[in-house]
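The residues making up each chain are set out below.
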Amino acid sequence: FDSFADQEIDFIKEFKYWFLALNWQQGFLGRCALILKAHKTDEVELTDEEVLEKHKIYCLWREAVTKAFNPDKINQAQLGNEEHIHKGHLHWHFVPRYRRPIYFAGIAFQHDTPETQKLSYGEVHKKIVHPAEVRQKIKEELLKYL
């Protein structure tokens, strides 16, 4: 994926069938992407082994993000937009959500309020790309628990 310019920072962990990567947009602290190694464009193409590993990785990530940042809720999304970037390559977004102000490395990250909870994700998402140094700290914090 060319969109991961800082792969040494953004790629968190490699598994047999998947890569776990820190999303370069950390509006929601700890947001990650799970990227299938094989090029497939629909979930029906996954093998049983790929599905099982995906579930295991989600559980590992969920535990790590909970210990690291204690989100109030988790959203998962498997989106097919931005085909011009990844040719429809199968991947999931793991998005921690916070119902309280959340700070890490001296930075305030996005959190939900009663008003923003009524809006769609696209309307509240801040497309902020945090510097590599901040993403490295987030990655290190997650890796403590992975």
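In the block above lies the structure referred to throughout.
Residues numbered from 1 in each chain as written. Predicted model: local features only at pLDDT ≥ 70, side-chain atom pairs only at ≥ 80, totals over all residues. Heavy atoms only, no water.

1. Overview of the environment of Lys16
This is how the line gets drawn: The way it works is that DSSP assigns letters per residue, a run of H or I at least four long becomes a helix, a run of E at least two long becomes a strand, and they are numbered from the N terminus. Distance and chemistry together define a polar contact, namely a pair of N or O atoms within 3.5 Å, with one atom able to donate a hydrogen and the other to accept it when in protein, and with adjacent residues in sequence counting only for side-chain atoms on both sides.
Along the chain, Lys16 turns up in the loop between strand E1 (11-14) and strand E2 (18-22). Along the backbone, Lys16 and Leu36 are 20 residues apart, and their C-alpha atoms lie at a distance of 9.5 Å. A distance of 3.5 Å separates polar atoms of two side chains, one belonging to Lys16 and the other to Tyr17.

2. What about the packing of aromatic side chains?
Which entries qualify depends on this criterion: Two rings from Phe, Tyr or Trp (for Trp, the six-membered ring) form a pair when their centres sit within 6.5 Å of each other. Planes less than 30 degrees apart are called stacked, planes more than 60 degrees apart edge-to-face, and all others tilted. Per-residue accessibility, obtained with a 1.4 Å probe over protein chains only, is compared with the maximum for each type, and a residue is labelled buried under 20%, exposed over 50%, and partly exposed between these values.
Summed over all chains, the structure comprises six aromatic pairs. The interplanar angle of 65° and the centroid separation of 5.3 Å between the aromatic rings of Phe11 and Phe19 together place this pair among those described as edge-to-face. When its relative accessible area of 18% is taken as the criterion, Phe11 is described as buried. Phe19 sits in the partly exposed class, given a relative accessible area of 22%. Ring centres of Phe69 and Phe104 lie 5.2 Å apart, and the angle between their planes is 80°; on these two criteria the pair is classed as edge-to-face.

3. Brief notes about the sheet that holds strand E3 (residues 32-36)
Condition: Pairing between strands is defined by DSSP: at least two bridges between the two strands are required. To define axes, lines are fitted to C-alpha atoms, for helices over the stretch in contact only, and angles between the resulting N-to-C directions are given on a 0 to 180 degree scale.
Read from one edge to the other, the open sheet built from five strands follows the order E1-E2-E3-E5-E4, with strand pairing classed as antiparallel. The sheet is open, and its two edges are formed by E1 and strand E4 (73-77), each paired on a single side. The sheet shows a mean angle of 20° between the axes of neighbouring strands, taken without regard to direction. When E3 meets strand E5 (residues 91-97), the two strands line up antiparallel, connected through four bridges. Residue Ala33 lies in a different strand from E5, and its bridge partner there is His93.

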